[in-house]
Amino acid sequence: MTSRSAAPPWWRNRRYLPWLVQGVVALAVGVVVAFLLTNLLLNLTARGLLLSWSWLGQPAGFDLAETILPFDASLPYWRAMLAGLVNTLRVVIAGLVGATVLGTLIGTASFSSNGLLRGLARVYVEVIRNIPLLLQLIFWYFVVFLALPNGTDAIQLPGLVLAKSGLFLGDPQLVNGVWQAPLRFTVEFGALLTGLVVYTAAFIAEVVRGGIASVPKGQWEAASSLGFAPLLTLRRIVLPQALRVIVPGLNSQYISLAKNSSLAVACGFTDLYSVSETTLNQTGRAVEVMLILLGSYLVIDLVISALMNGLNGLVQLKER
Amino acid sequence: MAPAPPATLRPGPWQWLRRELFGSRLDGLISIALLGFLVAAALGLAKWAIFQAQWTVISANSTLFAVGRYPLEQQWRLWLLTTLLALATGLSWGLLRALPRSGSSGPPPILWPRNDRWAAAILVLLALWRPLALQLTLAIQLRWWAITALLLLARWAAGRWGQALPPLVRRLIPLIWPLLYLVGMVLISGGLGLVQVAPSDWGGLLLTLLMATFAILLCFPLGVLLALGRRSNLPLLRWGSLLYIEFIRGAPLITLLFLGQNILGFLLPGGLAPDRVWRAAWVLTFFAAAYVAEAVRSGLAAVPAGQLEAARSLGLSMPFALIHVVLPQAMRVALPATVGQFITLLQDTTLLSLIGLLDLLGTARTVMANPAFLGRNAEVYLVLAVLFWCCCAALGLGSRALETRLNPNLAPSR
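Cut-offs used in this document
Residues numbered from 1 in each chain as written. Chains lettered and ligands numbered in written order. Predicted model: local features only at pLDDT ≥ 70, side-chain atom pairs only at ≥ 80, totals over all residues. Heavy atoms only, no water. Pairing = 2+ DSSP bridges. Helix = DSSP H or I, 4+ residues; strand = E, 2+ residues; numbered from the N terminus. Axes fitted to C-alpha atoms, helices over the stretch in contact; angles between N-to-C directions. Parallel < 35°, antiparallel > 145°, perpendicular 65-115°, else oblique. Contact = heavy atoms within 4.5 Å. Nonpolar A, V, L, I, M, F, W, Y, C, P; charged D, E, K, R; others polar. Domains from an automatic or database assignment. Patch = residues over 30% accessible without salt bridge, like charges linked within 9 Å, V, L, I, M, F, W, Y side chains within 5 Å. Areas by Shrake-Rupley, 256 points an atom, 1.4 Å probe, with all protein chains shown as cover. Salt bridge = Lys/Arg side-chain N within 4 Å of Asp/Glu carboxyl O. Buried < 20%, exposed > 50% of the residue type's maximum accessible area, 1.4 Å probe, protein only.

Topic: the sheet that holds strand S3 (residues 166-169) of chain A
Residue and element names in this part refer to chain A. Pairing within the open sheet is antiparallel, and its four strands lie in the order S1-S2-S3-S6. Edge positions in the sheet fall to strand S1 (155-157) and strand S6 (183-185), since each has one partner strand and no second. Strand-to-strand, the axes of this sheet are offset by a mean angle of 10 degrees, without reference to chain direction. Sheet topology places S1 next to strand S2 (residues 160-163); three bridges connect them, and they run antiparallel. Note on S2: the bridge partner recorded for isoleucine 155 is leucine 162.

Digging into the packing of helix H8 (residues 272-283) of chain A against helix H12 (residues 253-267) of chain B
The description of two helices packed together rests on the angle between their axes and the distance between the axes. Where H8 of chain A contacts H12 of chain B, the axes come no closer than 11 Å and their chain directions differ by 10 degrees. With respect to H12 of chain B, the axis of H8 of chain A lies roughly parallel. In this structure, H8 of chain A uses Tyr273, Glu277 and Leu280 of chain A to contact H12 of chain B, whose residues at the interface are Ile254, Thr255, Phe258 and Asn262 of chain B. Grouping the constituent residues of the contact of H8 of chain A with H12 of chain B by class yields four nonpolar, two polar and one charged.

Quick notes on the domain arrangement of chain B
Here chain B is described as being made up of domain 1 (71-99 + 110-196) and domain 2 (201-414). For domain 1 of chain B and domain 2 of chain B, the distance between their C-alpha centroids amounts to 24 Å.

Focus on a nonpolar patch on the surface
Residues and elements named next belong to chain A. Where nonpolar side chains cluster on the molecular surface, the patch consists of Trp10, Tyr16, Leu17, Leu20, Val21 and Val24 and spans about 560 Å² of accessible area. By the element assignment, valine 24 lies in helix H1 (residues 17-47). The exposure class of valine 24 is exposed, given its relative accessible area of 52%.

Quick look at the pairing of S3 of chain A
All names here are of chain A. Going residue by residue along S3, you find Gly166 and Phe168 tucked away on one face and Leu167 and Leu169 left uncovered on the opposite face. Two elements, S2 and S3, share four bridges in a ladder whose sense is antiparallel. Note on S3: the bridge partner recorded for leucine 162 is leucine 167. Between the end of S2 and the start of S3, which pair antiparallel, lie two residues. Here S3 pairs with S6 via three bridges, running antiparallel. Within S6, the position partnered with phenylalanine 168 by the bridge is arginine 184.

The structure is reproduced here in structure tokens:
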């Protein structure tokens, strides 16, 4: 160790060291970023692709298989991307609801008094979590949904028909061998939604299980000694306390569901990512398309985070 | 999946079964319904697997699934690599079983799950069954048997004589792994006198494992640096790391892979941009680093601030204190979450198939496009799912074993 009298060299002086370290890092990062941006500008100028947004107004020239917003090939690119965004939002919202319901059921099933049910909940989580989502989506689409029968062989329940051409709700009719109904979901949407729900539910089940396990056992015992039935205990005593642990965990699962919805391209659903891919291939506007794509997902993530933070504020313990 | 009868493992199986399955009337109804469902599902699956499924699609394409379009005359390099890997695995396995944890005295603590004989038995069964199931030629079958025998022999030898090794040699043995990785890279890609094999010719399980190990090895140090940066007192480092981590975590991996394929060419001067396979590997690495950083950060948060202060006041320099005092404690806490990220990373390699690379899933999709195997989706994807499940479950088990080994509070028992 240096003695107190000898001043350390300037590069080990505690007063300058932080600035020195930050200066070196800033210089390194700055040089790399400047290098990349210069190249980007040079390369884009060379190919005549400098940043511009006017192409968004040109007609798209491709059709989308399934949209809520009316869309055809003569409409501009921005309408195509908007339709894709709406499709993404549709599957994300439906997925959030479905995964939450299924995940909560499975998470609470691991506290059942029935040993078989507990075991099955465990097996579900372990099987689903260790298989890649993309593989599951492809499995649902190609193996399950595309193998559905069509026409009169379709699965028919009162008010509901499930066929290869889609899921029909609300009094479906067979017209010339083709099912028609006021409400139709395609199998692409069905496969994506099923895959996302089944996959995310496994993670949500773990979050719910952890939340319920965090409630002291005495709470169960106190409730049952007051004469509460098990289900009532769960609903009125345990879940409200468990929610404080569950909600922050749900937040990250919801965000990963939103991001995972971009795998829609694997089962032929036209979400934001798949429209962007087509747009990029047609226009070559890589930088602009990537900016829109990344920006959109960032906004979706932020919205989910904001909503969940609001919910978190509601369920946290209010100390008086 | 048939319910395993755990009843035989405990005393009073009938009472146990009755309490667990028929505790109340509702429980009984649920049990009967679930049992009926399970039996029906198992029967349906068995019927499909035996009568309807055509497994030739797997056996006919087993080489494609394993190594993709790796040139046939160069495949001896992969066999050599597999042999070396088996040897190294056997050695490490045997040593881990035989050696006490460094610094511990008294009775040897539980170092390793005792039931690793089961793992060895499963390995032997797999080695015996797999070549038959895949209908490999006798020559290849013999090679697999020889490799398995070598692995078990190395395990046995290391367990037998491992303790007699001088401590210096024991310390150097873990170094065979990084060395083996470099040797493996050379063997796979060529160079140093070997014929070059372009990355576009790698495929199947080879590409999947290569991408996963490459990204895991590199994302870990990057993630630790990012986590340290995010908890640093220096505002520039903190904000820089925060910006990077949040940007990466806000974007779906597929868009980043897409960005790597389409924009990296613009960012680098012409000709400098790496091959498509390596671009994807780097994107995977930088992607996973942000997630690993969050896992490590949770570990860092668990180390009391007094540890760093004490180390600093003893005169240790900042890097020294971080490496020798803070990080070892933080990593012990962060281990499960970090391995969880590695498992996710292994699963995420399937996304390479979406940008046109021939990883395991990409190979499967090309096989499906072959008219000879049309409609054999279920067989192929089921096998892939089992394969991924085994890899991920093995990683998870390994992580739990390591946790036990690293836990200083675990009293040495037995």
